[in-house]
Structure formats: structure tokens, C-alpha cells
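Here is how the chains run, residue by residue.
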Amino acid sequence: MAFQLWYTNYFVDIASDKVVDPKTLDGISELGDVSANGDLSAWHVKSQLHEDDFKRHLNQLLSKQTEINPDDVTVTKGINGGPLSML
């Protein structure tokens, strides 16, 4: 069995008319694996960052590269995942 890393699921809800495709942001891959819904107002990120670090880095990316106000962004921490998460 290959070594698999643990991650945390983060759900990012954006309550702004100025949404962007997260995959177009420089540095977004450093947060983890990112996917978005069809209208780009909700993102799912599998990340190895601690919650405070994740929020800080996300706010920096949004502030520097978009017109989205960080106050319009809600981050919800989901269930941790990894190789033994189903046991």
C-alpha cells in the first residue's frame, strides 16, 4: 500500500457577484485540490493545511487577485479524510 496523506475537507461559500474560477488563481494549488460548482459560488478544497493557515492563505489569494471581499467568504471545515477514514 502506498503512503497516503491526511487531508481536511474545506467548503468555501462566496456571497459575492464577483466570483472567479478558483483554478485561475495563482497559488491556489498550494491550498490543495480545488473544485467548484457550476456558478463558481461554492468551492471544495482537500487541503493538508490547518484551518487557520488555510483561511489566512485563502484570504491573501482573494485579496490580491480578485475583487471578492474576504468578508463575503465563509469557510466551513468538513470531515478529515485519509487512508483510514472509512474505518
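Everything here concerns the structure above.
Residues numbered from 1 in each chain as written. Predicted model: local features only at pLDDT ≥ 70, side-chain atom pairs only at ≥ 80, totals over all residues. Heavy atoms only, no water.

1. So, the overall build of the protein chain
This is how it is decided: Starting at the N terminus, helices and strands are each numbered in turn, a helix being any DSSP run of H or I of at least four residues and a strand any DSSP run of E of at least two. For every residue, the accessible area obtained with a 1.4 Å probe (protein chains only) is divided by the maximum for its type, and the residue is called buried under 20%, exposed over 50%, and partly exposed between those limits. The criterion used for residue contact is that any of the two residues' heavy atoms lie within 4.5 Å. All accessible-area figures derive from a Shrake-Rupley calculation using a 1.4 Å probe, and residue coverage is judged against the displayed protein chains alone.
Across its full length, the protein chain carries 1 helix and 4 strands. Secondary structure elements of the protein chain, listed N to C terminal, follow the sequence β-β-β-α-β. Within the protein chain, the proportion of its 87 residues that are buried is 30%. When contacts within the protein chain are restricted to residue pairs at least 6 apart in sequence, long-range pairs at least 24 apart make up 64% of them. For the protein chain, the exposed area adds up to about 5,800 Å²; of that, 50% sits on carbon and sulfur atoms.

2. Overview of the environment of Asp17
Relative to the assigned elements, Asp17 resides in the loop between β1 (7-14) and β2 (33-36). For Asp17, a relative accessible area of 83% corresponds to the exposed category. Once the C-alpha coordinates of Asp17 and Ser41 are considered, the two residues, 24 residues apart in sequence, prove to be 8.7 Å apart.

3. Quick notes on the side chain of Thr8
Considering the arrangement of structural elements, one finds Thr8 in strand β1. Those residues in contact with Thr8 that sit more than four places away from it in its chain are Val45, Lys46, Ser47, Lys77, Gly78, Ile79 and Asn80.

4. Description of the environment of Leu49
In this fold, Leu49 is placed in the loop between β3 (42-47) and α1 (51-65). In sequence terms Leu49 and Tyr7 are 42 residues apart; their C-alpha atoms lie 7.7 Å from each other. In contact with Leu49, not counting residues within four places along its chain, are Tyr10, Glu30, Leu31, Phe54 and His57.

5. Here's the deal with unusual backbone geometry
Positive phi outside glycine occurs at Leu40, with the angle close to 65 degrees. Here Leu40 is to be found in the loop between β2 and β3. Using a relative accessible area of 23% as the deciding quantity, one classes Leu40 as partly exposed.

6. A short note on the packing of aromatic side chains
As a reminder, the rule being used: Between 30 and 60 degrees the pair is tilted, below 30 it is stacked and above 60 it is edge-to-face, where a pair is any two Phe, Tyr or Trp rings, Trp via its six-membered ring, whose centres lie within 6.5 Å.
Here the structure, examined in full by the defined rule, presents 1 aromatic pair. Ring geometry for Tyr10 and Phe54: centres 4.1 Å apart, planes at 10 degrees, overall stacked. Here Tyr10, found in strand β1, pairs with Phe54, found in helix α1; they are 44 residues apart in sequence, far enough to count as distant. Each member of the pair, Tyr10 together with Phe54, is buried.

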